[in-house]
There are 2 protein chains.
Amino acid sequence: MTKKIYLPENEMPKQWYNIVADMAQKPLPPLDPKTLEPLAPEALEPILPKALIAQEMSQERYIDIPDEVLEKYRVYRPSPLFRASGLEKALGYSGKIYYKYEGVSPSGSHKPNTALAQAYYNKEEGIKKLTTETGAGQWGTALAYACAQFDLECEVYMVNVSFKQKPYRKILMNTFGANVYASPSQRTQAGRAVLEDDPNHTGSLGIAISEAVERAVQENDTKYSLGSVLNHVLLHQTIIGLETQKQLAMDNAQADVIVAPLGGGSNFAGLAFPFLKEKMQGTSNTRFVAVEPSSCPKLTQGKFRYDFGDNQGYTPLMPMYTLGHNFVPAGIHAGGLRYHGASVLCSQLLKDGFIEAKAIDQLTCFEAGILFAKAEGIVAAPESTHAIAQVIREVEQAKIEGAQKTIVFNLSGHGFVDMAAYGDYLDNKLTNHRVDNTAVQKSLDKIKRYQPDNFLKELTY
Amino acid sequence: MTKKIYLPENEMPKQWYNIVADMAQKPLPPLDPKTLEPLAPEALEPILPKALIAQEMSQERYIDIPDEVLEKYRVYRPSPLFRASGLEKALGYSGKIYYKYEGVSPSGSHKPNTALAQAYYNKEEGIKKLTTETGAGQWGTALAYACAQFDLECEVYMVNVSFKQKPYRKILMNTFGANVYASPSQRTQAGRAVLEDDPNHTGSLGIAISEAVERAVQENDTKYSLGSVLNHVLLHQTIIGLETQKQLAMDNAQADVIVAPLGGGSNFAGLAFPFLKEKMQGTSNTRFVAVEPSSCPKLTQGKFRYDFGDNQGYTPLMPMYTLGHNFVPAGIHAGGLRYHGASVLCSQLLKDGFIEAKAIDQLTCFEAGILFAKAEGIVAAPESTHAIAQVIREVEQAKIEGAQKTIVFNLSGHGFVDMAAYGDYLDNKLTNHRVDNTAVQKSLDKIKRYQPDNFLKELTY
């Protein structure tokens, strides 16, 4: 048995997979919140380069990865596929478990897969600086690294409370050369307005987005960069699943169940989309399980309707599973999963029955993370522990059924820079957050302010 | 050009290399400080298992790695050899640079190579618990992980000041299941004595060693474990160099210069010893460069004489390059290099002219670390930045000579759990520590207390 399955560099995929090409029911268009008409591509030009807007709208099945991006990918890609032999033994499971490990990247998560592509396309169009927001810090770190690779300036607005709680994340971004500002900041109109009301505001991802977008719009040769949710971001992540398909073949294995956490969707999409192709063609029975935290259960308890992508209501309206853009999830450590909505593509696939969703509380996830650390020697990022916890459930179910299913999951990152989360768990400081349904209802009701009647009901198309 | 050279798992070396077999001048024996006679092997039995004592004394050229240890190695070994193409480009170097990356291990450094072996041999002899000390935390983390693999309890005495400054390290050890105590502690005679004098004592590695040894001697089925310096520890690390030799051959390359940091010696020995075999046989011109911090320059400014291995004078006397066991180096971030002496084997090889030594200040090292992070996407541990800084010097020299030397270095670990060090550098809080020669002289003079006249002069054999 081989523990680590390495795909040779010269067999790394040279194209990304665009799932839109194979979707029978194409995703509904994003809408301009003022006109409620489908958004014109040009509306995105102040913040995104043309090449990425084109990918956002593309229906081509495969899109070439530029040579310059392939070259940068080779620093850490193809990433290893691990046979989870230690976990199998710990669980007494006679089936196979594999995990694709994205923690080998420079920032320690899957995020550089899109950060490098985005930095490249911006550089090609003459852009000199990228702005972005970051909460937990995984995305900001990835973009900081990517900008260093393509000689771009990088300006990161980090939610104030995380800025203070996660000094290692800020230092890591600084090490890669980025400028990091606690948000709300004095550098933008949006930040100053918030600080005028409350000079000690702890910040929010919504405010940080506003600051980053404002800077991108106002400064010359500057664009904005987003780390999840959008189609082109999910597209770039599909290299994860494309590699995994080749690696499973090298080990003569086929996936019965694919598991990944779902925050905005890039982690899940990255592994699952290439495998979903056959499922949509009706030639595969593989199950696809997206895992979310119990405290932010948009997939299992949200509604499929048009909503804003950000808390403040600045973005286009997008058709997605949402808890309402005003929903404020509990302060769990898996910051990357604290998002009120799911990407349009993942939402559509859930609506159409191609994927399943499960919600798991954070105590169960950290318990799984500790078991995994001892069994496999990798301390998983808090987000990634959600996948592990679900895998354990799948194993329990398989044992009951007497089945030997091959389970494959996305270990999207390591937790070395977020050890405080494990510390809180070990010190019994964490609680078993579950969602407050009154809060969800109130949050969903607020969407009414922005939408005419025909959007208020759940979308049924 | 291949960026990452992976050795297949089934080609992983199955034996460690014992350099003593090939040394023309065998190392001088350790001495009992009371009798000044060579130490009897049995004297070590209260703290080490018999198998490790046998390895400590062995002159066999190759020693089989037990199957159980090989199996555990496969979680992260063979570790990748990287072609440093990004660094070559950043330096404008037309020669080749490679680095062996040990940061892929569960604890993020090379330390599990010996921790797993030590845990295994202790388990085989019926031991139930291992005790150890840790300063910066790399070693404690590795032993915590290794004990989890072989169902041993693990008790770590962590220097109080590090316990407070590096909470992530403690949490990481806890995650792997170890019990971690701030040293001095109330759990030992040694600790209580120190605390009686000063209840807020910041601790030292010397005190922590005393606590760990005391527990090992007093408790049933308990032994002590050391992470560097001793022959058997260096032996276990040689798998690094043995793999590197195969990987260089896969890339049709030959090392002209081998570079590694030297703290106790396990990092340096791990990469260099297998390559030194040919040098000692006179069939190789490869240069071997051990790098130490300017603030703790035992190799470049110390004396080759018998000295204690610990600050308190509890250990046997060992023939080594030393600054004196009372030397207290400046509080640099590369905690793994703050050791007053060098292992017996490395000291002997330096004395006999097979290796060279260079001292570099920490500002230069962190500058090299930042350059490397941007160029190669890996944030190196503070210890490892010393190798990078020396590689940059080697490149500058090669350019002057118009030579295209192939340089290979040991990137012994990542710095994710020690980002505060980079933060201090980026915030201009670090100073360019150099050694105070008066302090060195005073420290060396103290050795006189313990040695008769014939040991006072430098050893000349």
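Residues numbered from 1 in each chain as written. Chains lettered and ligands numbered in written order. Predicted model: local features only at pLDDT ≥ 70, side-chain atom pairs only at ≥ 80, totals over all residues. Heavy atoms only, no water.

1. Comments concerning the pattern of salt bridges
This is how it is decided: For salt bridges, the criterion is a side-chain nitrogen of Lys or Arg within 4 Å of an Asp or Glu carboxyl oxygen. Starting at the N terminus, helices and strands are each numbered in turn, a helix being any DSSP run of H or I of at least four residues and a strand any DSSP run of E of at least two. Type-normalised accessible area, obtained with a 1.4 Å probe on protein chains alone, sets the label of each residue: buried when under 20%, exposed when over 50%, and partly exposed for intermediate values.
Tallied over the full model, the rule gives 40 salt bridges over all chains. When the shortest N-O distance is used, the salt bridge between glutamate 155 of chain B and arginine 187 of chain B registers 3.4 Å. One end of the pair, glutamate 155 of chain B, is in strand S7 (residues 153-159); the other, arginine 187 of chain B, is in the loop between strand S8 (179-183) and helix H8 (189-197), with 32 residues separating them in the sequence. Assessed through its relative accessible area of 3%, glutamate 155 of chain B is described here as buried. Since its relative accessible area comes to 30%, arginine 187 of chain B is described here as partly exposed. Salt-bridge contacts for glutamate 394 of chain B lead to arginine 287 of chain B; the nearest nitrogen and oxygen are separated by 3.0 Å. Taken together, the positions of glutamate 394 of chain B in helix H16 (residues 382-401) and arginine 287 of chain B in strand S11 (residues 287-293) put the pair 107 residues apart, joining distant regions of the chain. Ionic contacts of the salt-bridge type, sharing partners, join the residues Lys129, Glu155, Arg187, Arg215 and Glu219 of chain A into one network.

2. Comments concerning the environment of serine 204 of chain A
Residues and elements named next belong to chain A. The line we're drawing: Should any heavy atoms of two residues lie within 4.5 Å, those residues are considered in contact. Polar contacts, as counted here, are pairs of nitrogen or oxygen atoms within 3.5 Å of one another; within protein the pair requires one atom able to donate a hydrogen and one able to accept it, and residues that are adjacent in sequence qualify only if both atoms are side-chain atoms.
With respect to the element layout, serine 204 can be found in the loop between helix H8 (189-197) and helix H9 (205-218). Each C-alpha atom, one on serine 204 and one on isoleucine 378, is 30 Å from the other, the two residues being 174 residues apart in sequence. Leaving out residues up to four positions away in the same chain, serine 204 has contacts with Val159 and Gln312. Among the polar contacts listed, one links the side chain of serine 204 to the backbone nitrogen of isoleucine 207, at a separation of 3.1 Å.

3. Considering the sheet that holds strand S11 (residues 287-293) of chain A
Residues and elements named next belong to chain A. We apply this condition: Strands pair, by our definition, only if DSSP identifies at least two bridges between them.
Strand order across the open sheet formed by seven strands is S1-S4-S5-S15-S10-S11-S14, with mixed pairing between neighbours. The sheet is open, and its two edges are formed by strand S1 (4-5) and strand S14 (356-360), each paired on a single side. Relative to S14, S11 runs parallel, the two sharing five bridges. Opposite glutamate 292, over in S14, you have alanine 359 as the bridge partner.

4. Some remarks on the nonpolar core
The tendency in soluble globular proteins is for nonpolar side chains to be buried side by side. Stated precisely, the cut-off is as follows: Remark: nonpolar core denotes a set of buried residues (Ala, Val, Leu, Ile, Met, Phe, Trp, Tyr, Cys) joined through side-chain atoms within 4.5 Å.
Judged by nonpolar contacts, the single largest core of 156 residues is most densely connected at Trp16 and Phe409 of chain A together with Trp16 and Phe409 of chain B. Ignoring anything within four residues of it in the chain, the contact list for phenylalanine 409 of chain B reads Ile97, Tyr98, Tyr99, Lys100, Val259, Leu271, Phe372, Ala387, Ile388 and Val391 of chain B.

5. Some thoughts on helix H17 (residues 419-426) of chain B
For H17 of chain B, every residue scored as buried is listed here: Met419, Ala421, Tyr422, Gly423 and Tyr425 of chain B. Those residues of H17 of chain B that are buried lie in contact with helix H7 (167-175) of chain A together with helix H15 (362-376) and H16 of chain B. Positive backbone phi, approximately 60°, marks asparagine 428 of chain B, located one or two places after H17 of chain B.

6. Structural notes on the UniProt feature "domain: Tryptophan synthase beta chain-like PALP" (unreviewed entry) in chain A
Note the threshold: UniProt positions are given in the numbering used here, feature names are shortened, and annotations may be inferred rather than shown by experiment.
Within this numbering scheme, the UniProt entry marks residues 76-413 of chain A as carrying the feature "domain: Tryptophan synthase beta chain-like PALP" (unreviewed entry). Spanning residues 76-413 of chain A, this segment combines 45% helix with 19% strand, and its end C-alpha atoms are found 13 Å apart.

7. Here we look at the domain arrangement of chain A
Residues and elements named next belong to chain A. Definition in use: These domain boundaries are the output of an automatic or database domain assignment. The term buried area denotes the loss of accessible surface (1.4 Å probe radius) that occurs when two parts are joined, taken as the sum for both partners.
Split by domain assignment, chain A resolves into domain 1 (4-12 + 63-107 + 232-456) and domain 2 (112-226). The C-alpha centroid of domain 2 is placed 24 Å from the C-alpha centroid of domain 1. The interface of domain 1 with domain 2 comprises 29 residues on the first partner and 26 residues on the second. Summing both partners gives a buried area of about 2300 Å² for domain 1 against domain 2, and 59% of it is carried by carbon and sulfur.

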